[in-house]
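Chain by chain, the residues run as shown.
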Amino acid sequence: MTHEAAGVPTTRNDEDRQDNDRPDAPRPAAEAQDAPGAQDAPGTPDASGDADAAAGEAGGPEGAQPRPEARLARAVQVAEQALIEFEIAVETFRVEVENFSRLHHQKLGPMYTRLDELDALIAEARAARTGDPEDERKAREARAVVMPMPEVEELFHDWMDTDGLSPEAAAMLTEQAVRPPKRVRPSEEARKLYRELARKAHPDLAQDEPERQRRDEFIARVNAAYGRGDVDVLKELVAEWAAGPVQPLAPLSESEELYARLEWLSRRKELLTVLAKELEDGAIGSMLRMAPDDPDQLLEDIAEQLLGEVSRREAELAEMVQ
């Protein structure tokens, strides 16, 4: 009867033993390995598989240390995965802050506006009663908070004036003809720089097609700067042409590429850390940290407090204007 329990080898029957006792019977593997020439024979499939796996993990023959590039590549892989997870966390929090900010503005914005208006009315009533210059100054400041922002034209760079969209902006949005920009007459210095660049960088001086393409692109930039009469840009273009074409960088070694990748990942992590800090320290982020599990209830609580403030200031204003 054979033993087939786990971890116990199956015993051979008597016929197998008799066969092995014959002179012409094949010897067991252990004995065959001792025979001449057996060292060159391949091992068993399991043994070779384990050896290959171990060699692969070691990065070379048995006992050899893995290549430095292999360790660097592994470090890069780990850093990349960690950065991905960090970016996901930061972006998730950014979206939460943005959504909460929108809800905060929709629900509480009108209450804040009402409070600002009540502050202005109270300050104006106090100034009218006392006639104190300091109270009048405070009243003007309180009213300025409520009034629309002045100088809209400057903010929108001629796209909007106090009457709405400027004629140029309206024409562009309605696909009507737009007045051409004012003509610029280049200065004598600009003309001198332009002629210098045109003589040196003219595409007809190119010896091959890549050089012609480079000159075409450069002259296009020269023409644009000259059309604007931009002397500073023309001077920069003169220096750029004198420096010659940008030489391609020498190819990096595998180690240099991996180190450069690690440095980039580190800088990216630092930038994301700054962004996360700004989000957390902002007004909305601070509010979210107060109630991370139920931000909607936090809005309800704040709304209730603001309503109480509105009621108190309305009562204060009513007493002052009686």
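What counts and what doesn't
- Residues numbered from 1 in each chain as written.
- Predicted model: local features only at pLDDT ≥ 70, side-chain atom pairs only at ≥ 80, totals over all residues.
- Heavy atoms only, no water.
- Helix = DSSP H or I, 4+ residues; strand = E, 2+ residues; numbered from the N terminus.
- Buried < 20%, exposed > 50% of the residue type's maximum accessible area, 1.4 Å probe, protein only.
- Contact = heavy atoms within 4.5 Å.
- pLDDT = per-residue confidence, 0-100.
- Core = buried A, V, L, I, M, F, W, Y, C linked by side-chain atoms within 4.5 Å.
- Axes fitted to C-alpha atoms, helices over the stretch in contact; angles between N-to-C directions.
- Parallel < 35°, antiparallel > 145°, perpendicular 65-115°, else oblique.
- Left-handed = near helix turned anticlockwise from the far one by under 90°.
- Nonpolar A, V, L, I, M, F, W, Y, C, P; charged D, E, K, R; others polar.
- Salt bridge = Lys/Arg side-chain N within 4 Å of Asp/Glu carboxyl O.
- Expected span 1.5 Å × (residues − 1).
- Arc of directions from axis to C-beta.
- Phe/Tyr/Trp six-rings, centres within 6.5 Å; stacked < 30°, edge-to-face > 60°.
- Patch = residues over 30% accessible without salt bridge, like charges linked within 9 Å, V, L, I, M, F, W, Y side chains within 5 Å.
- Areas by Shrake-Rupley, 256 points an atom, 1.4 Å probe, with all protein chains shown as cover.
- Lys, Arg positive; Asp, Glu negative; His and termini not counted.
- Charge placed at Lys NZ, Arg CZ, Asp CG, Glu CD.

Caption draft 1: Quick peek at the overall build of the chain. Tallying secondary structure elements over the chain gives 13 helices and two strands in all. Counting the 322 residues in the chain, one finds 21% classified as buried. Sequence separation of at least 24 residues holds for 59% of the intrachain contacts in the chain that already meet a minimum separation of 6.

Caption draft 2: Structural context of the confidence of the model for the chain. Mean pLDDT for the chain: 74, with 69% of residues reaching 70 or above. Confidence over residues 1-60 falls short of pLDDT 50; this stretch has 20 contacts with residues more than four positions distant or in other chains. A low-confidence stretch, residues 150-163 stays under pLDDT 50, and its non-local contacts, those more than four residues away or across chains, total 15 contacts.

Caption draft 3: Broad picture of the nonpolar core. Among the nonpolar cores identified, the biggest contains 22 residues, and V97, F100, L108, M287, L298, I302 and L306 are the most heavily contacted of them. Among the elements that line this core, the one with the most residues is helix α4 (residues 68-130), at nine residues. Among residues more than four places away in sequence, those in contact with I302 are L108, Y112 and M287. Counting 13 residues, the second largest nonpolar core, distinct from the first, contains F218, I219, A225 and W241.

Caption draft 4: Looking closely at the packing of α4 against helix α11 (residues 254-281). As a packed pair, α4 and α11 sit with axes 9 Å apart at the nearest point and diverge in direction by 20°. Comparing their axes, α11 and α4 come out roughly parallel. Between α4 and α11 lies a crossing whose hand is left-handed. When the residues that make up the contact of α4 with α11 are grouped by side-chain class, the tally is 19 nonpolar, two polar and nine charged.

Caption draft 5: Representation of the pattern of salt bridges within the structure. Taken as a whole, this structure holds 26 salt bridges when the rule is applied. Close ionic contact of E117 with R143 constitutes a salt bridge, the shortest N to O distance being 3.1 Å. Of this pair, E117 sits in helix α4 while R143 is found in helix α5 (residues 133-146), placing the two residues 26 residues apart along the sequence. Classification of R143 as buried rests on a relative accessible area of 19%. When the shortest N-O distance is used, the salt bridge between E189 and K235 registers 3.2 Å. Of the two residues, E189 is situated in helix α8 (residues 188-201) and K235 in helix α10 (residues 231-243); the sequence distance between them amounts to 46 residues. Its relative accessible area of 39% is what places E189 among the partly exposed residues. Judged by its relative accessible area of 42%, K235 is partly exposed.

Caption draft 6: Local environment of α8. An ideal rise of 1.5 Å per residue puts 20 Å on 14 residues; α8 measures up with 20 Å between its terminal C-alpha atoms. Among the residues of α8, those classed as buried are A190, L193, L197 and A201. Axial view of α8: buried residues confined to an arc of 70°, hence all on one face. Exposed and facing more than 90 degrees away from the buried side of α8 are K192 and R199. Residues of α8 that are buried in the fold lie against α9 (209-228) and α10.

Caption draft 7: Seen up close, the packing of aromatic side chains. Taken as a whole and assessed by the stated rule, the structure comprises two aromatic pairs. Between Y194 and Y226, the ring centres sit 4.3 Å apart and the planes meet at 15°, which makes this aromatic pair stacked. Here Y226 lies in helix α9 and Y194 lies in helix α8, a separation of 32 residues in the sequence. Looking at Y194, the relative accessible area reads 25%, which means it is partly exposed.

Caption draft 8: Seen up close, a negative patch on the surface. A cluster of acidic side chains, namely D293, D294, D296, D301 and E304, defines a negative patch on the protein surface. Following the sequence through the fold, D296 ends up in helix α13 (residues 295-320).

Caption draft 9: Geometry of the environment of E217. Mapping E217 onto the fold places it in helix α9. Sequence separation of E217 and P203 is 14 residues, and the distance between their C-alpha atoms is 9.3 Å.

Caption draft 10: Just the packing of α9 against α10, in detail. Running from N to C, α9 and α10 cross one another at 160°; their axes reach a closest spacing of 9 Å. Here α9 is positioned roughly antiparallel relative to α10, judged by the angle of their axes. The way α9 lies across α10 gives a crossing that is left-handed. Contacts between α9 and α10 involve E211, R214, R215, F218, R221, V222, A225, Y226 and R228 from the former and V233, L234, L237, E240 and W241 from the latter. Residues belonging to the contact of α9 with α10 are distributed by class as follows: eight nonpolar, no polar and six charged.

Caption draft 11: Structural context of the environment of G282. Position of G282 among the secondary structure elements: in the loop between α11 and α12 (283-290). Classification of G282 by relative accessible area gives partly exposed; the value is 24%. For the pair G282 and V97, spaced 185 residues apart in sequence, the C-alpha to C-alpha distance is 9.3 Å.

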